[in-house]
Amino acid sequence: QVQLVESGGGLVQPGGSLRLSCVASGSIFSINDMGWYRQAPGKQRELVAAATRGGRTNYSDSVKGRFTISRDNAKGTVYLQMSSLKPEDTAVYYCNADHILTRKAYWGQGTQVTVSS
């Protein structure tokens, strides 16, 4: 079993930066991919960025060049550095991980990011 806890959300002005952190506990060595999703009011949850256990990354087109995902497998952590934030980045951001064998998905409780002047 894996538990995920996010932190680092908040209110930021357009053009600003935030760094989200996610710490996994429990069976962290059973984690395969880790990533960040977000859900804005009235919209479906969408993938923002993901990193494989081997370090490959992928990003949604809307955040490419502005967000950077990184992870530390030994510590069970994943980060999302967000720069040049836009109002449309406003959402609840969720940390996600999946089990290396069963592919079961684990979710954090979410952290609110609000981009507004």
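Remember, predicted model here, so these are calculated numbers, not experimental data.

**Topic: the nonpolar core**
Ranked by internal contacts, the top residues of the largest apolar core, which has 29 residues, are L4, W36, V48, F67, L80, M82 and Y93. Those elements that place two or more of their residues in this core are β1 (2-7), β3 (18-26), β4 (31-39), β5 (46-51), β7 (67-72), β8 (77-82), β9 (91-99) and β11 (111-115).

**Some thoughts on the packing of aromatic side chains**
The final tally for this structure, using the stated rule, is 1 aromatic pair. Its end group placed over the ring of Y79, R19 keeps NZ or CZ at 4.1 Å from the ring centre. Its end group placed over the ring of Y94, R45 keeps NZ or CZ at 3.7 Å from the ring centre.

**A closer look at the side chain of S30**
Within the fold, S30 resides in the loop between β3 and β4. Here S30 is in contact with V2, D98, H99 and I100, once residues within four sequence places are set aside.

**Quick look at the sheet that holds β1**
Read from one edge of the open sheet, 4 strands run β1-β3-β8-β7, paired in antiparallel fashion. Only two strands of the sheet have a single partner each, and these edge strands are β1 and β7. Sheet twist, expressed as the mean angle between neighbouring strand axes with direction ignored, is 15°. Looking at chain direction, β3 and β8 are connected through 6 bridges and run antiparallel.

**Regarding the pairing of β3**
Here β1 pairs with β3 via 6 bridges, running antiparallel. Each bridged residue has a counterpart across the sheet, and for V5 the counterpart in β3 is V23.

**Remarks on the pattern of salt bridges**
In the structure shown here, the tally under the stated rule is 6 salt bridges. R38 is paired through a salt bridge with E46; the nearest N and O atoms lie 2.7 Å apart. Look at R38 and you get buried, because its relative accessible area is 6%. A relative accessible area of 35% means that E46 is categorised as partly exposed. It is possible to trace a salt-bridge network through shared partners that takes in R38, E46, R66 and D89.

**Quick notes on the environment of N32**
Within the secondary structure, N32 sits in strand β4. Sequence-wise, N32 and A91 are 59 residues apart; in three dimensions their C-alpha atoms are separated by 25 Å. Apart from residues lying up to four places away in sequence, N32 is in contact with T52, R53, R71, D98, H99, I100 and R103.

Scoring rules and cut-offs
- Residues numbered from 1 in each chain as written.
- Predicted model: local features only at pLDDT ≥ 70, side-chain atom pairs only at ≥ 80, totals over all residues.
- Heavy atoms only, no water.
- Core = buried A, V, L, I, M, F, W, Y, C linked by side-chain atoms within 4.5 Å.
- Buried < 20%, exposed > 50% of the residue type's maximum accessible area, 1.4 Å probe, protein only.
- Helix = DSSP H or I, 4+ residues; strand = E, 2+ residues; numbered from the N terminus.
- Phe/Tyr/Trp six-rings, centres within 6.5 Å; stacked < 30°, edge-to-face > 60°.
- Lys NZ or Arg CZ within 6 Å of the ring centre and 35° of its normal.
- Contact = heavy atoms within 4.5 Å.
- Pairing = 2+ DSSP bridges.
- Axes fitted to C-alpha atoms, helices over the stretch in contact; angles between N-to-C directions.
- Salt bridge = Lys/Arg side-chain N within 4 Å of Asp/Glu carboxyl O.

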